[in-house]
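# Report on the structure
Residues per chain, in single letters:
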Amino acid sequence: MKTPSAKTGRGAGSPKRAQTGNSPAAGIDPQALVRMYRQMLRIRKFEERCYQVYLQRKIGGFCHIYSGQEAVAVGMIDPLGPEDYVITAYRDHGQAIARGMSMRAAMAELYGKATGCSRGKGGSMHFFDVPGHFMGGHGIVGAHIPLACGIGWGIKHRGKGGVCLCFFGDGAMNQGAVHEGLNLASLYKLPVVFVCENNGYAMGTAVSRGAAEEHIYLRANSYKMPTRRVEGNNLFEVYEATQEAVRRAREDHQPAFLEAVTYRFRGHSMSDPGSYRTRDEVEAHKSRDPIGQVVQHLEKNRILDAAGIERIESEVDAEVEDAVKFSEDSPQPDLDSAYEDVYVNYPADIRQRR
Amino acid sequence: MAEIEFRKALNMAIDEELARDPDVFVIGEEVAEYDGAYKVTRGLLAKYGARRVVDAPISEGGFCGLGIGAAMLGMRPVVELMTFSFSLVAMDQILNNAAKIRYMSGGQVRLPVTFRGPGGVVHQLGATHSNATESIFAHTPGLKVVACSTPENAKGLLKSAIRDDDPVIFLESELLYALKGEVPDDPEFLLPLHKGRVVREGSDVTLVAWSKRVHQAMEAADRLAADGIRAEVLDLISLRPLDQDLILKSFRKTNRLVTVEEGWSFCGIGASIADIVQRQAFDFMDAPVERVTLEEVPMPYNEAMEYHVQPSVEKIVKAARRVLYRDVKESTDGR
């Protein structure tokens, strides 16, 4: 892979969009484009509904909204097969849905219900769908990167094929666990594709305020794996870069590192005062909405017409409402289930505090 | 049955489990080409190759996390920590990831990973290399904590730990590695992880210890016997869960209890044992529980100071005499 010379995203002055995918899009099957458009829209509408129900105090705790970054999750997860694995950090709703988690299981988890993907014990930051090879939502910044190496180890040595796609944010690049993981993955030639979603800010700290070398992919270069920086809001570019990285990880058993430059439309979490970035900056990014770019492409190339776009929108709206209703109607977990799932086998009674 | 060194018993356990299950692999610092910092993994690289016996860089957070991730896929990693003092570097991986991922996923994953290595104080290594970490791990739901004390139980327990479907903290002791004892050759020799044992029967006072302190407690029991005091010595083995039945049965017989631990007193395992005893056998108490622990200081380097602040045979004997009201003039707690 080439090392692009694009300028890095300083928090505020995130880079200009690379040429809006004409060439990369050309190779993507129109059906795949429609599928990915639908996925992006599902994530956006799910997240915006989360925002609403959070304000209604239906869900608690921390809640990190993915809106604005959909092209990264969808463009990277769509090329994967069922044998592959996905693991991510705490802003995990988008990846979970892109990987196939139902909106019902996702929303019910936010409601803390027994029908949630983690039986109401994980919450927003700890979504899991292990049968679907979605290996979590992880709450501690950077702590899941070594886990991704272990998943890569298991893939490689159990001979079942596949790759592990490991997402994390720009803030994680300053954590030791990330660098330990990158080193191990390269040292042991593990089939892990690392994806740094650089949305410009680690909580409220712009990349340039947190990293001595703010070109994130350059830091990964020192681990002797192919690195590439992509315009993360351009679905086509993301998709193409991922296909290449995944193919190499799969065939050559070696890791790769992708930096996807993107932007979150909402705050870091629901309690973000937003004082570290201007309204103008946010609006400028919203005008380059990754979903809008895909819609433009679909219409321009007559893959979908206005009616087709509208039909998908209303289907997704209905799905989101169904997920909310399902979550509202779902039972609260039995309090006794708090004592379950601590161990596979525990030879003492946990209720007796033993 | 053969008489072998403690480290060889551990080596046998790993060797047999590597042979038995292709999902087992060993990873850690110097475990392969160097044959193990303490030679526990000697010869395993030559026998099983670099895919199964894996040298890791000095990167505890990294390779502990790798082990946990591989366990998420069903592998059975045996992660060697050169000493459990270095586990402090990997605490987030062990306490947050190994201990909680099963729970946070609503039971979707099993984490059959074993973290093993020597724990506690050795000899004049100073404060950073002398940590007794068991109370930290035993404090955390999601982990099982086991301490072996003889070559025989080292083998039987490590094999059970590797086969267990939950994360196990497996504590050894560098000072025991050269200890010799009879060890069954049977590759199916397994000991339960949650059971302690009575090492010596007695009726006057119960001494509770684990790992190398069991041997000190036994020496103390010999000295007490010379004064006609019959001490019962328990080897807890399992620190999470605690074998409460064993402790309570003994206490109901002796009515007096001394706990011995290598860690600090405050928030120590002995405190939990005292809590269990006062709640569940209050009517059987003839004296307050005595705890012999490390003094509340970082481990000093100086040899005499190092000895002075640790539990010792003398301190155990004195504590036992105190709970028997034999030395009432001595009132210094735990000394």
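Quick caveat: nothing in here was measured; it's all calculated off a predicted structure.

Criteria and thresholds
- Residues numbered from 1 in each chain as written.
- Chains lettered and ligands numbered in written order.
- Predicted model: local features only at pLDDT ≥ 70, side-chain atom pairs only at ≥ 80, totals over all residues.
- Heavy atoms only, no water.
- Contact = heavy atoms within 4.5 Å.
- Buried area = accessible area lost by both parts, 1.4 Å probe.
- Salt bridge = Lys/Arg side-chain N within 4 Å of Asp/Glu carboxyl O.
- Polar contact = N/O pair within 3.5 Å; in protein donor to acceptor, adjacent residues only side chain to side chain.
- Helix = DSSP H or I, 4+ residues; strand = E, 2+ residues; numbered from the N terminus.
- Axes fitted to C-alpha atoms, helices over the stretch in contact; angles between N-to-C directions.
- Parallel < 35°, antiparallel > 145°, perpendicular 65-115°, else oblique.
- Left-handed = near helix turned anticlockwise from the far one by under 90°.
- Nonpolar A, V, L, I, M, F, W, Y, C, P; charged D, E, K, R; others polar.
- Pairing = 2+ DSSP bridges.
- Core = buried A, V, L, I, M, F, W, Y, C linked by side-chain atoms within 4.5 Å.
- Buried < 20%, exposed > 50% of the residue type's maximum accessible area, 1.4 Å probe, protein only.
- Domains from an automatic or database assignment.

Right, let's talk about the interface of chain B and chain A for a bit. Listed as interface residues are 49 residues of chain B and, on the opposing side, 42 residues of chain A. Three residues stand out in chain B for area buried against chain A, namely Leu73, Tyr103 and Met104 of chain B, and they jointly supply 20% of the buried area on that side. If you look at where chain B meets chain A, you find 1 salt bridge. Between Asp23 of chain B and Arg158 of chain A there is a salt bridge, with its nearest N and O atoms 2.6 Å apart. Counting every contact that joins chain B to chain A gives 23 residue pairs in polar contact (both at pLDDT 80 or more). Breaking the side of chain B that touches chain A down by element, the ones donating at least two residues are β2 (24-28), β3 (53-55), α3 (60-72), α4 (91-104) and α8 (244-254) of chain B. When residues in the side of chain B that touches chain A are grouped by element, the largest group, 10 residues, is from α3 of chain B.

Turning our eyes to something else, we now look at the packing of helix α2 (residues 30-55) of chain A against helix α5 (residues 103-110) of chain A. Residue and element names in this part refer to chain A. It is the contact of α2 with α5, at a shortest axis distance of 12 Å, that shows an interaxial angle of 20°. Comparing the axis directions of α2 and α5 gives the class roughly parallel. The handedness of the crossing between α2 and α5 is right-handed. Contacts from Arg42, Phe46, Arg49, Cys50 and Val53 of α2 reach α5 at Met103, Ala106, Met107 and Leu110. Of the residues contributing to the contact of α2 with α5, the split by class is 7 nonpolar, no polar and 2 charged.

A few words on the sheet that holds strand β4 (residues 192-198) of chain A. All names here are of chain A. The strand order across the open sheet formed by 6 strands is β2-β1-β3-β4-β8-β7, and the pairing between neighbours is parallel. Sheet topology places β2 (134-137) and β7 (227-231) at the edges, where each strand pairs with a single neighbour. Sheet twist, expressed as the average angle between the axes of neighbouring strands with direction ignored, equals 15°. Here β4 runs beside strand β8 (residues 256-261); their pairing, made up of 6 bridges, is parallel. For Glu197, the partnering residue across the bridge sits in β8 and is Ala260. Strands in contact with helix α3 (residues 70-77) are β1 (85-88), β3 (164-169), β4 and β8; relative to β3, the strand with the most contacts, it is inclined by about 170°.

One finds Phe168, Phe194 and Phe257 of chain A together with Phe115 of chain B to be the most contacted residues of the largest nonpolar core, which totals 85 residues. Setting aside residues no more than four positions away along its own chain, Phe168 of chain A makes contact with His144, Ile145, Met173, Val178, Phe194, Val195, Cys196, Glu197 and Phe257 of chain A. Of all hydrophobic cores here, the second largest spans 66 residues; its members include Leu110, Tyr111, Val163 and Val195 of chain A.

Looking now at the environment of Gln69 of chain A. Residue and element names in this part refer to chain A. Relative to the helices and strands, Gln69 is located in the loop between α2 and α3. Note: C-alpha distance between Gln69 and Pro255 (186 residues apart in sequence) is 23 Å. Beyond its immediate sequence surroundings of up to four residues, Gln69 is in contact with Arg91, Glu197, Asn199, Thr262, Tyr263 and Arg264. Reaching out from Gln69, the side chain makes a polar contact with the side chain of Asn199 at a distance of 2.9 Å.

This paragraph deals with the domain arrangement of chain B. Residues and elements named next belong to chain B. The domain architecture assigned to chain B consists of domain 1 (2-183) and domain 2 (197-323). Computed over C-alpha atoms only, the centres of domain 1 and domain 2 are separated by 26 Å. Each side of the interface is counted separately: domain 1 has 34 residues, and domain 2 has 25 residues. Contact between domain 1 and domain 2 buries roughly 2100 Å² in total, counting both sides, with carbon and sulfur atoms accounting for 57%. Per-residue buried area on domain 1 facing domain 2 is highest for Val121, Gln124 and Ala147; these three make up 27% of the total on that side. At the junction of domain 1 with domain 2, the criterion picks out 0 salt bridges.

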